[in-house]
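Fold and geometry: a report
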Amino acid sequence: MAPAQENVISVRNLRVGFGQRDVLKDLDLDLKRGEILGFVGASGSGKSVLARTILGLLPKRAGTIEAFGRNLDQVGEEERQAIERRWGVLFQGGALFSSLTVRQNIQFTLRENLHMSQRLMDEIAAAKLEMVGLPPDTGAKLPAELSGGMVKRAALARSLALDPEIVFLDEPTSGLDPISAGDFDDLILALQQTLGLTVFMVTHDLDSLHTVCDRVAALSNGKVIAVGPIESLLESKDPWLQAYFHGKRGRSRMSGKKK
Amino acid sequence: MTSGKARLKSLPFGVGANSVGVEPVFLQSELRGKKLVLSARGDWVAAHANEIEPQVESALKKQTRVDQIEIDASKVKRVDTIGAWLIERLKRNWESGGAKAAIVGLDPRYKVLLDEVAASNRQPPVPPKRETPLADTLAYIGMSAAESWVDLKALMQFLGHVMVAAGRVLMRPWSFRFTSVVNQIDRVGFRAVPIIVLIMFLIGAILAQQGIFHFRRFGAETYVVDMVGILVLREVGVLIVSIMIAGRSGSAYTAELGSMKMREEIDALRVMGFDPVEVLILPRLIALIIAMPLLTFIGSMSGLFGGGLVTWLYGGMPPEVFIERLRDAISRSTFEVGMIKAPFMAFVIGLIACVEGLRVAGSAESLGEHTTASVVKAIFLVIVLDGLFAIFFAGIDM
């Protein structure tokens, strides 16, 4: 799929740190409309930090973040909230509200933001559950009653409740068995095509990177060292990228592909 | 109508259309021969759902005898899941009436979305069970009664478990977690001293003030010393300290153990071959049993000091006289009664706190529930126990 050239999110010279240490140093990154961007990096290199900074959960030390063409530093409270409604987030652990049922979780933003009839909300929740591939009776369950894969799907349904333009996925396939992970990849791809989503995906899953991502960005030493289609990263001479993609696991993936 | 995007930017969701005087029209119906044409227009998105839905419903109410319906979506600018669903609902309702419905003119990029939505909500929703209020109340009472039986059993079982663990530690004294006990004593004992001192000082002072105020009418002010001395040493000291500790340390125990349970830390201990009761609970219980008499002692002294200060400043009784009278008013047994009760109170508080902590299930709500239950039950049992002790000590003339 040829991604459009419009940037929905663009990050410039971003610096984020804790205490003495800067985790992200002068980081630049663009997210183009309609693409699925995979974001890789070693554990602890600051992948989640970048996502959390864009989402406004962490303060930044320098740099600018633009979303939908607006500098997030210059927007007021109301506009900020309007922007936040245009993106959805799937947290690593799902972060479903444990005291609400799955249906209530999905309806939460609908109920708080829109004046909708209960009937319509119920129907929408059922439709979202269907979209993420969960059986309708899941709606009445509490998050504690779901398996890991179902929690991820339910959380994805919640992040899609308001039909966001961008979704942030923090390691969506971690902790899933290969079949579920593959299904989840297909699901993301299908939803991206159905809803015209732009997806920012932090992941370590080499299969996800190969099958669903239009572009991949690699983070190392606080900077994006390479960004582009997966093939271009595979050919990169950077030692870390070499180790990442051509290490033991990467090689087995490649040889599997050639067969 | 302004474009949807601009409105989304400038106005919070859902507020927009209501504050505008004229209701925008999203759906118009028109009869063309034998065909009903429903023309949709505008942004069929979540922000307008509260306006679109009534228009869809009123279009459905006007259901006339036609067997062909055309939903003309050529003037629809944007569609999201909610809009797509409303279009689908429109179509589906007409179709269930036996008519033929077709959607025409919709921007092809929304076709996938509409197909996706068309597949959903095919099964009728399961209606939630509704019970009458009376049956609900009765069921609740029944369940609470059954629950208290379960509670009691769990407590007894846990008591047994603690005893076994204690026995095991006695057999192998080197496995006793001394460091852990010291750490816990620091947390529940040493750091509780300031608040206990402050509270008991105030309680002693209030008792003395009230005593002087009311006894003065009978000219019996000097008996205030007896009252403050006996009450603080025998009853109030240990009771207030117990209640404070149940609220302060009991709740902390429950929350700690509960979150450890939630994060599978307790299971981790178990599979590594440790007994969680021995590792986590025994040190906490022992720490509480050691700390509580000490706190009761400190608290009682602080209460007597507060009482003495008030009798001096408010009642005009010099401190020497207060101490002299106190010596006559109380005996060693008065002091002993209070101190003997303290470790038992500690044991009950600790036991309840730990048992509730281990019963926490997966959710944050459950953690809160059990922490509350821990404090409420501990305070209740402490007071019940105090009553039993009163009967016992009266029986043995102490």
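**Focus on the overall build of chain A**
- A tally of helices and strands in chain A yields 10 helices and 10 strands.
- A total of 259 residues make up chain A; the buried ones form 54% of that total.
- Nonlocal contacts in chain A, meaning residues at least 24 apart in sequence, comprise 65% of its contacts between residues at least 6 apart.
- Accessible surface, chain A: about 11,300 Å² in total, of which carbon and sulfur atoms supply 50%.

**Structural notes on the environment of Ala166(B)**
- Residue placement: Ala166(B) occurs in helix 6 (residues 133-171).
- When the C-alpha positions of Ala166(B) and Ile286(B) are compared, they lie 10.0 Å apart, and in sequence the two are 120 residues distant.

**Let's talk about the environment of Met156(B)**
- Among the structural elements, Met156(B) can be located in helix 6.
- Expressed as a C-alpha distance, the spacing of Met156(B) and Leu351(B), which sit 195 residues apart in the sequence, is 10.0 Å.

**Some points on the interface of chain B and chain A**
- Residue-level contacts link 32 residues of chain B with 28 residues of chain A.
- Overall, the association of chain B and chain A removes approximately 2,600 Å² of surface from exposure, summing both partners, and the carbon and sulfur fraction of that is 60%.
- For the salt bridge of Glu57(B) with Arg119(A), the shortest nitrogen-to-oxygen distance reads 3.3 Å.
- The interface formed by chain B and chain A includes 7 residue pairs in polar contact (both at pLDDT 80 or more).
- When residues of the side of chain B that touches chain A are traced back to their parent elements, those giving at least two are helix 1 (4-10), helix 3 (49-61), helix 4 (81-96), helix 5 (111-118) and helix 14 (364-395) of chain B.
- Considering each element in turn, the side of chain B that touches chain A owes the most residues, 6 residues, to helix 4 of chain B.
- Along the lines of polarity and charge, the residues of the side of chain B that touches chain A split into 14 nonpolar, 10 polar and 8 charged.

How each quantity is defined
Residues numbered from 1 in each chain as written. Chains lettered and ligands numbered in written order. Predicted model: local features only at pLDDT ≥ 70, side-chain atom pairs only at ≥ 80, totals over all residues. Heavy atoms only, no water. Helix = DSSP H or I, 4+ residues; strand = E, 2+ residues; numbered from the N terminus. Buried < 20%, exposed > 50% of the residue type's maximum accessible area, 1.4 Å probe, protein only. Contact = heavy atoms within 4.5 Å. Areas by Shrake-Rupley, 256 points an atom, 1.4 Å probe, with all protein chains shown as cover. Buried area = accessible area lost by both parts, 1.4 Å probe. Salt bridge = Lys/Arg side-chain N within 4 Å of Asp/Glu carboxyl O. Polar contact = N/O pair within 3.5 Å; in protein donor to acceptor, adjacent residues only side chain to side chain. Nonpolar A, V, L, I, M, F, W, Y, C, P; charged D, E, K, R; others polar.

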